[in-house]
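Here is what each chain is made of, one letter per residue.
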Amino acid sequence: MTAALALPGIAMGATLLDAGDIPVTYKRLSYEEDNLMEVEADYINLGIPINSKNDLLVALEYETMSGASPIFYTPGPGDEIVEVTSGASITDERTAVSFNFRHLTDNGMLSITPAGSDENDYESYSVTTEYQWNRNNNNTTYSVGAGYADDNVSATGQDLNEDKEGASLFLGVTQVLDSHSLLQLNLSLAEESGYLSDPYKLVLVDNAILSDNRPEERGQTAFLMRYINYIEEDASLHLAYRYFDDDWGIKGHTLETSWNQELSNNWLVSYNFRYYQQDKAEFYAPFFSAPRPDGIYSSDYRLASYGSVLVGFKLEKTFSSNTSLDINIEYYTRRGDLKISGDYSTDPEELTSTMVTFGISHTF
């Protein structure tokens, strides 16, 4: 969730904080996969006005994770595929912090965001920068951004200490179409290098159990188109399409729609639906009957060919200009046969999850 909120062109507001206002938001997230992983997370976001040209947004995160995870697959009777899991033994803690410094210019805003996170087997340090500027009487907003990440990967119970790094570039434009609608177009490019395998995943190759082994480079391209229409004074429709492509062979398509409706007594209700499908990585299979010439293998289900559906419901109550509460409930399901077009991977079990987020915001 933190990564999604930090996407360039989405998190940054168009104006700085008002002098003397200190907004604080607390969120509590509970995530659960059926018979697998459970995650509990706490988030605190703090806004600090500095002067008429600058402010600072601080985000703190702490999460705990426990449960089981698929390790590899084996062939079963007939065409059955048997999933081998880690057992309910995975435990981890993660802390993260980011500082978003924003500077107001004559016609736009500059944002610089250093961030860091630490968990038992992973450390990440990154910095992103973005500049937004307005044209056409503020009806057109352009965005450009770049980021760099330096990570270290280890593994509990293993003698592993590897590095990976990534660089990204972001371009975007938001255009007001009329008094009720706007259109946003974003293009992002990313390049990763170093240790990109999963140290906890295994793969069955010609009856031998080997470690997950992926290429040491990955280039990624993503294009996003979002349309927002204010149907009435108290309602809005959001439509979005996202295309993802990388040089591992994965191509992903995301369709998302949401309806936001204001109710009486300062209530706001939102309904969200998202469909996603992707093609498998060229080196993915549940298991391999013969070795590949390049020695690259993975049976990580996240690299499989599948479809998924997410439905969400959010309710928000504004008590005053300074205080609001919200609760968000999302249900997610992933299966191979949910993929609409093209072949899909045969997975042993459907993956379903629920996520509940409670939040409170107050401006001091």
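Residues numbered from 1 in each chain as written. Predicted model: local features only at pLDDT ≥ 70, side-chain atom pairs only at ≥ 80, totals over all residues. Heavy atoms only, no water.

A few words on the overall build of the protein chain. The helix and strand inventory of the protein chain stands at 1 helix and 20 strands. Expected size for 364 residues packed as a compact globule is a radius of gyration near 21 Å; at 22 Å, the protein chain falls within 12% of this value. Principal-axis analysis of the C-alpha atoms gives the protein chain an extent of 65 × 40 × 35 Å. Burial status across the protein chain gives 39% buried among its 364 residues. For the protein chain, contacts bridging at least 24 residues in sequence account for 56% of all contacts bridging at least 6. (Helix = DSSP H or I, 4+ residues; strand = E, 2+ residues; numbered from the N terminus. Rg over C-alpha atoms; globule rule 2.2 N^0.38 Å. Buried < 20%, exposed > 50% of the residue type's maximum accessible area, 1.4 Å probe, protein only. Contact = heavy atoms within 4.5 Å.)

Here we come to the side chain of Ser-124. Among the secondary structure elements, Ser-124 is positioned in strand S8 (residues 122-135). For Ser-124, the side chain forms a polar contact with the side chain of Asp-151, separated by 2.7 Å. Beyond its immediate chain neighbours, meaning those up to four positions away, Ser-124 contacts Ala-115, Gly-116, Ser-117, Asp-150 and Asp-151. (Polar contact = N/O pair within 3.5 Å; in protein donor to acceptor, adjacent residues only side chain to side chain.)

Of the voids in this model, the second largest pocket is the one considered here, and its volume is about 240 Å³. Lining the second largest pocket we find 16 residues, and of these Ile-228, Tyr-230, Ser-236, His-238 and Asn-260 sit closest to its centre. Those elements that place two or more of their residues in the lining of the second largest pocket are strand S11 (181-194), strand S14 (217-232), strand S15 (235-246) and strand S16 (251-263). The dominant element in the lining of the second largest pocket, judged by the number of residues it contributes, is S14, at 4 residues. Looking at the lining of the second largest pocket, its residues break down into 5 nonpolar, 6 polar and 5 charged. (1 Å grid on protein atoms, 1.4 Å probe; cavity = no way out; pocket = protein on both sides within 12 Å on 5 of 7 lines; lining within 4 Å. Points joined across faces, edges and corners; volume = space filled by probe spheres on them. Nonpolar A, V, L, I, M, F, W, Y, C, P; charged D, E, K, R; others polar.)

Next up on the list: the packing of aromatic side chains. Tallying each qualifying case throughout the model produces 6 aromatic pairs. Considering the side-chain rings of Tyr-131 and Trp-133, the 5.5 Å spacing of their centres and the 15 degrees angle between planes classify their relative orientation as stacked. Trp-133 gets classed as partly exposed once you look at its relative accessible area, which sits at 23%. Relative to Phe-283, the ring of Trp-248 has its centre 5.2 Å away and its plane inclined at 75 degrees; by these criteria the two rings are edge-to-face. Highlighted residues: Trp-248 in the loop between S15 and S16 and Phe-283 in the loop between strand S17 (267-278) and strand S18 (306-318), separated in sequence by 35 residues. On the basis of relative accessible area, Phe-283 is assigned to the buried category, the value being 1%. Ring pairs connect the aromatic residues Tyr-131, Trp-133 and Tyr-142, which therefore count as one cluster. Across the ring face of Phe-319, the terminal group of Lys-317 is positioned such that the distance to the ring centre comes to 5.8 Å. The ring of Tyr-306 is capped by Arg-334, whose NZ or CZ atom sits 5.3 Å from the centre of that ring. (Phe/Tyr/Trp six-rings, centres within 6.5 Å; stacked < 30°, edge-to-face > 60°. Lys NZ or Arg CZ within 6 Å of the ring centre and 35° of its normal.)

On to the confidence of the model for the protein chain. Per-residue confidence for the protein chain gives a mean pLDDT of 92; residues scoring 70 or more make up 96%. This stretch, residues 1-13, has a pLDDT under 50; its non-local contacts, to residues over four places away or in other chains, come to 21 contacts. (pLDDT = per-residue confidence, 0-100.)

The side chains of a regular strand alternate, residue by residue, between the two faces of the sheet. Of all the 6 residues making up strand S4 (residues 70-75), 5 are buried; the element is thus mostly covered by neighbouring parts of the structure. Note that S4 and strand S5 (residues 81-85) share 5 bridges and pair antiparallel. From the neighbouring strand, Tyr-73 faces S5, where its bridge partner is Glu-83. Hairpin remark: S4 followed by S5, antiparallel, with 5 residues in the connecting loop; positive phi at Gly-78, about 65 degrees. (Pairing = 2+ DSSP bridges.)

Enumeration over the complete set of coordinates arrives at 17 salt bridges. In this structure, Arg-102 engages Asp-55 in a salt bridge whose closest nitrogen and oxygen atoms are separated by 2.7 Å. Here Arg-102 is found in strand S6 (residues 90-104), whereas its partner Asp-55 is found in strand S3 (residues 54-67), with 47 residues between them in sequence. With a relative accessible area of 4%, Arg-102 lands in the buried category. Two residues, Glu-61 and Arg-94, come together in a salt bridge whose shortest N-O distance is 2.5 Å. In this pair, Glu-61 sits in strand S3 while Arg-94 sits in strand S6, placing the two residues 33 residues apart along the sequence. (Salt bridge = Lys/Arg side-chain N within 4 Å of Asp/Glu carboxyl O.)

So, on to a nonpolar patch on the surface. A surface patch of nonpolar side chains, about 570 Å² in accessible area, is lined by Val-144, Leu-169, Leu-171, Leu-185, Leu-187, Leu-189, Phe-223 and Met-225. Secondary-structure elements contributing two or more residues to the nonpolar patch are strand S10 (161-178), S11 and S14. In terms of residue count, S11 provides more of the nonpolar patch than any other element does, 3 residues in total. For Leu-185, a relative accessible area of 30% corresponds to the partly exposed category. (Patch = residues over 30% accessible without salt bridge, like charges linked within 9 Å, V, L, I, M, F, W, Y side chains within 5 Å. Areas by Shrake-Rupley, 256 points an atom, 1.4 Å probe, with all protein chains shown as cover.)

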